[in-house]
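Observations on the model geometry
Here is what each chain is made of, one letter per residue.
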Amino acid sequence: MSRFSPLNWPVVRQLRSGDPFGRDVNTQSQKSKDKHGRTVEADRVVQSVCPYCAVGCSQRVYVKDDRVIQVEGDPDSPISRGRLCPKGSASEQLINSATRLTKIKYRAPHSTEWQDLDEDTAMEMIADRFLEARRNGWQDVDDEGRALNRTMGIAGLGGATLDNEENYLIKKLFTAAGAIQLENQARI
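Cut-offs and rules
- Residues numbered from 1 in each chain as written.
- Predicted model: local features only at pLDDT ≥ 70, side-chain atom pairs only at ≥ 80, totals over all residues.
- Heavy atoms only, no water.
- Helix = DSSP H or I, 4+ residues; strand = E, 2+ residues; numbered from the N terminus.
- Rg over C-alpha atoms; globule rule 2.2 N^0.38 Å.
- Buried < 20%, exposed > 50% of the residue type's maximum accessible area, 1.4 Å probe, protein only.
- Contact = heavy atoms within 4.5 Å.
- Areas by Shrake-Rupley, 256 points an atom, 1.4 Å probe, with all protein chains shown as cover.
- Lys, Arg positive; Asp, Glu negative; His and termini not counted.
- Charge placed at Lys NZ, Arg CZ, Asp CG, Glu CD.
- Salt bridge = Lys/Arg side-chain N within 4 Å of Asp/Glu carboxyl O.
- Pairing = 2+ DSSP bridges.
- Axes fitted to C-alpha atoms, helices over the stretch in contact; angles between N-to-C directions.
- Domains from an automatic or database assignment.
- Phe/Tyr/Trp six-rings, centres within 6.5 Å; stacked < 30°, edge-to-face > 60°.

Focus on the overall build of the protein chain
Across its full length, the protein chain holds six helices and eight strands. Listed N to C, the secondary structure of the protein chain is α-α-β-β-β-α-α-β-β-α-β-β-α-β in terms of helices and strands. For 188 residues, the compact-globule estimate of 2.2 N^0.38 gives 16 Å, and the C-alpha radius of gyration of the protein chain, at 28 Å, exceeds that figure by more than 25%. Scored against the burial criterion, the 188 residues of the protein chain give a buried share of 20%. Sequence separation of 24 or more characterises 32% of the internal contacts of the protein chain that already satisfy a separation of 6 or more. Accessible surface, the protein chain as shown: approximately 14700 Å² in total, 52% of it carbon and sulfur. The average position of the 27 basic charges and that of the 27 acidic charges among the side chains of the protein chain differ by 11 Å.

Below, the structure written as structure tokens:
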């Protein structure tokens, strides 16, 4: 640390350098000059969409050593123009949370323990249960003999985080399977 001198006072430095309003480097400390943004260290930037609501705000995800270090709004987005709500801004915490599940968990009926499943086994279990529920809830005709061709064993609840194309395909799948109870969280 240098010796005390009135010439080092910020106001005196401002006046001596022709910066009376304090908008130049004279008002910065060395600590401030040495700082840099977190995104400078990123290896790459990945475009993404915020997972929280149906607005579809674009995000820039900064990655270093295959780990997300920062999530920011994308200023090139016509939807959000670089802005994110508090939940969207906290996406990095969702990704890097120590409590985030990264494996498929299954708990058998009446069991007290969870077990890990591989993706193929889980998909087979879901498909089998879907088909069984469809078969058990199928109605060919009503009490008066009118054709129904529907199942009451399946219901669908879409999510607001899905885009239009995904919701369209889910609606087509459930309709083709005979389900008539379809809803979306955005309407509830």
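After presenting the structure, the write-up continues.
Quick word on the pattern of salt bridges
Per the stated rule, a full pass over the model turns up seven salt bridges. The salt bridge involving D142 is made with R146; its shortest N-O contact spans 2.8 Å. Accessibility expressed as a relative area gives 48% for R146, which makes it partly exposed. Between E144 and R146 there is a salt bridge; the shortest N-O distance is 3.5 Å. Since its relative accessible area comes to 63%, E144 is described here as exposed. Salt bridges linked by common partners bring R60, D74 and D76 together as one network.

Details of the sheet that holds strand β8 (residues 179-184)
Pairing within the open sheet is mixed, and its three strands lie in the order β6-β7-β8. Each having just a single partner strand, β6 (138-141) and β8 make up the two edges of the open sheet. On average, adjacent strands in this sheet sit at an angle of 25° to one another, irrespective of strand direction. As paired elements, β6 and strand β7 (residues 147-158) share three bridges and run antiparallel to each other. Of the residues in β7, the one forming a bridge with Q139 is R150. Running over the sheet, helix α5 (residues 119-136) touches β6 and β7 and is turned about 140° from β7. The strands that helix α6 (residues 164-176) touches are β7 and β8; relative to β8, the one it contacts most, it runs at about 160°.

A word on the domain arrangement of the protein chain
In terms of domains, the protein chain is made up of domain 1 (1-35), domain 2 (39-96) and domain 3 (118-187). Taken over C-alpha atoms, the centre of domain 1 sits 36 Å from the centre of domain 2.

Description of the packing of aromatic side chains
Summed over all chains, the structure comprises one aromatic pair. Ring geometry for F130 versus F174: centroids 5.9 Å apart, planes at 80°, classification edge-to-face. Residue F130 is located in helix α5, and its partner F174 is located in helix α6; the two are separated by 44 residues in the primary sequence. F130 sits in the partly exposed class, given a relative accessible area of 25%.

Let's talk about the sheet that holds strand β2 (residues 58-64)
Strand order in the open sheet formed by three strands is β1-β2-β3, and the pairing between neighbours is antiparallel. Edge positions in the sheet fall to β1 (44-49) and β3 (67-73), since each of these pairs with one other strand and no more. Across the sheet, the mean angle separating the axes of adjacent strands is 30° when strand polarity is ignored. By the bridge criterion, six bridges tie β2 to β3 in an arrangement that is antiparallel.

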